[in-house]
Amino acid sequence: MKFVVSSTELLGHLQAISRVISSKNTLPILDNFLFNISGNDLEITASDLESTLITRMHLDNITGSGTVALPARILLDTLKEFSEQPLTFDINPDPLAVVINSENGRFSIVGQNGIDFPVLPVIKKEKRFGFNLPAELLLAGITRTLFATADDELRPVMGGILVEASTTKLTFVASDAHKLVRYQRSDAKADDNASFILPKKPASLLKNILPREDGVVSVEFDDRNAFFTLSDYKVVCRLVEGNYPNYNSVIPKNNPRKVRIDRLEFYNILRRVSVFSNQASNLVKLQFTPNQITVSAQDVDFSISAYERHKCLYEGDDMEIGFKSVFLLEILSNIASQDVVIELADPTRAGLFLPSETANEDEDLLMLLMPMMINA
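Here we summarise the structure given alongside this text. Note that the coordinates shown come from a computational prediction; the quantities given were computed from them, not determined experimentally. (Residues numbered from 1 in each chain as written. Predicted model: local features only at pLDDT ≥ 70, side-chain atom pairs only at ≥ 80, totals over all residues. Heavy atoms only, no water.)

**Overview of the pairing of strand β12 (residues 160–165)**
1) Next: Most of β12 sits inside the fold, with five of its six residues counted as buried.
2) Next: Where β12 lies against strand β15 (residues 194–199), six bridges are found, and the strand directions are antiparallel. Within the sheet, the bridge partner assigned to G160 lies in β15 and is P199.
3) Next: Between β12 and strand β13 (residues 170–175), which pair antiparallel and follow one another directly, the connecting turn spans four residues. (Buried < 20%, exposed > 50% of the residue type's maximum accessible area, 1.4 Å probe, protein only. Helix = DSSP H or I, 4+ residues; strand = E, 2+ residues; numbered from the N terminus. Pairing = 2+ DSSP bridges.)

Following this line, the structure appears as structure tokens:
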């Protein structure tokens, strides 16, 4: 087998799929890339058993066909040091000896038999469900929600993103029981209602790959696995098993108190004031009076405190509520609008954070944060 490929193009594809390779693989074969040569296509696969990334390159200069597994670390470290130039891979399938010829050098490595690489799962026909959506929409859904997923081994369903497809809209939900994000798009829909929980790692892999895409992504899944097919890449992952909690039940419906404030100003105030909060609790207090917000924090143990006032649009009774500053900063940094609207009921119920305007009229973003108890 023999093929010629651009060094920088190959490196770009390998770097994109190398993120799936785990440093603690249980199978030595998973420390390799699987090269599959067929016709004029070079297909390269990386996997950690739970998630698999596949990329495809169309090459003009290919001789022979077959598979070989090549060590990922050696390939990546070598390709990083090449300037843009054609590389010739000459693979002898019997002893699995691989020679890489560059313009001025020759590099020899030993591959492994590609047959030892794990076989891709198959979507069960009787449980198959699929839909298509634009790459930018899938990227937006993952980007808006990924930060809110939990790291909780006892509740694995909270460690993923719930993707709900319906005949009217597509919904992405993530929560760690403290904060919750719901992102809906009415410009994407399916033929029927179905849902799955996308684990955090493949979601991160998709977030890295999707900016390179501008076409349509095909999503297929059953009760165990999901396939995301892009123009040059395919992501295959094992889904999180279990039922996602009823997130709609925790979103408060009647919130008479509404605040509108400049998001960036509010963010910067929180950054300054939260320095003075207790390191264990990160509690900041928000006090609302007509058209004014006061952000305050204190650490009694070190006798430090701070407060800062800022104008806002608020009409209603005076109110004080506490939030964990780290979570509040995360939420504000993941809202894109100039102003943020805060909807509140009382100090014991969750606060809703909404963008004041959206660039796309088909999108609906809601972020929820549970309050903290304010000690009298």
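After that view, the rundown keeps rolling.
**Topic: the packing of aromatic side chains**
1) Next: Applying the stated criterion across every chain, the model contains 11 aromatic pairs.
2) Next: Geometrically, the ring pair formed by F82 and F107 is edge-to-face, given 5.5 Å between the ring centres and 85° between the ring planes. In this pair, F82 is assigned in the loop between α2 (72–79) and β7 (86–92) and F107 in strand β9 (residues 106–110), connecting sequence segments 25 residues apart.
3) Next: The partly exposed category is assigned to F107, whose relative accessible area is 33%.
4) Next: Ring geometry for F131 against F221: centres 6.5 Å apart, planes inclined by 75°, an arrangement best described as edge-to-face. In this pair, F131 sits in strand β11 (residues 129–134) while F221 sits in strand β16 (residues 216–221), placing the two residues 90 residues apart along the sequence.
5) Next: Taken together, the ring pairs in this structure connect F129, F131, F196, F221 and F228 into an aromatic cluster.
6) Next: Against the face of F327 rests K324, its NZ or CZ located 5.8 Å from the ring centre. (Phe/Tyr/Trp six-rings, centres within 6.5 Å; stacked < 30°, edge-to-face > 60°. Lys NZ or Arg CZ within 6 Å of the ring centre and 35° of its normal.)

**Quick word on the sheet that holds strand β20 (residues 283–289)**
Each strand in a sheet pairs with another by means of backbone hydrogen bonds, the pair being arranged parallel or else antiparallel.
1) Next: Pairing is antiparallel across the open sheet formed by four strands, whose spatial order is β22-β21-β20-β24. Looking along the sheet, the strands with just one partner apiece sit at the ends: β22 (304–311) and β24 (319–324). This sheet shows a mean twist of 20° between the axes of neighbouring strands, independent of strand direction.
2) Next: Pairing geometry for β20 and β24, over six bridges, is antiparallel. By the bridge assignment, V284 is partnered in β24 with F323.
3) Next: Its contacts with the sheet put helix α6 (residues 325–333) on β20 and β24, and the angle it makes with β24 is roughly 90°. (Axes fitted to C-alpha atoms, helices over the stretch in contact; angles between N-to-C directions. Contact = heavy atoms within 4.5 Å.)

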